[in-house]
Amino acid sequence: MDSKSIVYSRNVVEFATVAKEFCVFLENCEHMEIKAFVTTTNKLLPLLYYKATLLPTTEPIYDEGNEQFVTELDYRLIESKIENLLGQHNDFLEIYDKRADANDGHFTVSIAEYLADVYQDLKNFSMRYHVGNVNVMNDALWECKENFGEFWGIRIVNLIRAFHILVYSNVDLDNVKHSDRGKSSKKETNWLSSSTHDED
């Protein structure tokens, strides 16, 4: 199958649509109530994961890497919006992480950081895909699928668990304490190393 047929195939177009809407959703999340944000995200994450599993296999055309559209400021802004919205509900215990062995299988992570990681890959893909150049679109698809398998796919799986708990464990989302805003940013997140998916 040629590149044009691949990038305009139904599964790719549908994934591109969901990815774009997901990015727009996160970009505008500061205008939402926390309960609406949590319930909507809880529905979007499984859909996004499912659509990503249907992406066809392709090979890169260009030797050089793809253009990066998401800046450090963009990443930080998304992370901050989500962190401020979720307040004390932002942190959750991770149970699948290379760093977890030193902590008896548990590691406290940030929902905002994980969502920002997913946003970074999806926004870069979306911007490249909508350029309209078939070769660029092909390489955007290839990189996005590779990153899904190696990095942000497991992020979504873990986020689904975190949001499931928020939705179905009688968590009081109406009285959110924001005294810990910025707590998950106490450590310096290396957004650039996240973009290369180098986890220690």
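Position labels on residues start from 1 in each chain and follow its written sequence. Totals for whole chains, interfaces and linings use every residue, but because this is a predicted model, local features are given only for residues with pLDDT of at least 70 and side-chain atom pairs only at 80 or more, for both listing and counting. The side-chain values count all of the structure's non-hydrogen atoms but skip hydrogen atoms and water molecules.

**Concerning the nonpolar core**
Working step 1: Definition of nonpolar core: a set of buried residues of the types Ala, Val, Leu, Ile, Met, Phe, Trp, Tyr and Cys, connected through side-chain atoms within 4.5 Å. With a 1.4 Å probe rolled over the protein chains alone, any residue whose accessible area is under 20% of its type maximum counts as buried; one over 50% counts as exposed, and the rest are partly exposed. Of all hydrophobic cores here, the largest spans 51 residues; its most connected members are Phe 15, Phe 37, Leu 115, Leu 122 and Trp 152.
Working step 2: Each helix corresponds to a stretch of at least 4 residues labelled H or I by DSSP, and each strand to a stretch of at least 2 residues labelled E; elements are numbered beginning at the N terminus. Looking at this core, the elements that each hand over two or more residues are α1 (3-7), α2 (10-27), α3 (34-53), α4 (72-86), α5 (111-129) and α6 (134-168).
Working step 3: The element that contributes the greatest number of residues to this core is α6, accounting for 12 residues.
Working step 4: Residue contacts are counted whenever heavy atoms from the two residues lie within 4.5 Å of one another. Once residues within four sequence positions are removed from consideration, Phe 15 is found in contact with Leu 48, Lys 51, Ala 52, Leu 55, Leu 122, Phe 125, Cys 144 and Trp 152.

**Things to note about the environment of Asn 28**
Working step 1: By the secondary structure assignment, Asn 28 is in the loop between α2 and α3.
Working step 2: For Asn 28, a relative accessible area of 37% puts it in the partly exposed group.

**Concerning the packing of α4 against α5**
Working step 1: Working convention: axes come from line fits to C-alpha atoms, limited for helices to the stretch in contact. Angles between N-to-C directions cover 0 to 180 degrees. Two elements in contact, α4 and α5, have axes separated by 8 Å at closest approach and are oriented at 145°. The hand of the α4/α5 crossing is right-handed. In contact with Tyr 75, Ile 78, Glu 79, Ile 82, Glu 83 and Leu 86 of α4, α5 contributes Ile 111, Ala 112, Glu 113, Leu 115, Ala 116, Asp 117, Tyr 119 and Gln 120.
Working step 2: Of the residues in the contact of α4 with α5, the class split is nine nonpolar, one polar and four charged. Take the far helix as the reference: if the near one is turned anticlockwise from it by less than a right angle, the crossing is left-handed, and if turned clockwise, right-handed. Residues are sorted three ways: Asp, Glu, Lys and Arg are charged, Ala, Val, Leu, Ile, Met, Phe, Trp, Tyr, Cys and Pro are nonpolar, and all the rest, Gly among them, are polar.

**Quick word on the environment of Gln 120**
Working step 1: Tracing the sequence through the fold places Gln 120 in helix α5.
Working step 2: The spatial distance from the C-alpha of Gln 120 to the C-alpha of Tyr 75 is 6.7 Å, given a sequence separation of 45 residues.

**Some thoughts on the confidence of the model for the protein**
Working step 1: In the predicted model, the protein carries a mean pLDDT of 86, and the fraction of residues at 70 or more is 82%.
Working step 2: The predictor reports its confidence for every residue as pLDDT, a score running from 0 up to 100. In the model, residues 179-196 has pLDDT below 50 throughout and makes 27 contacts with residues more than four positions away in sequence or in other chains.

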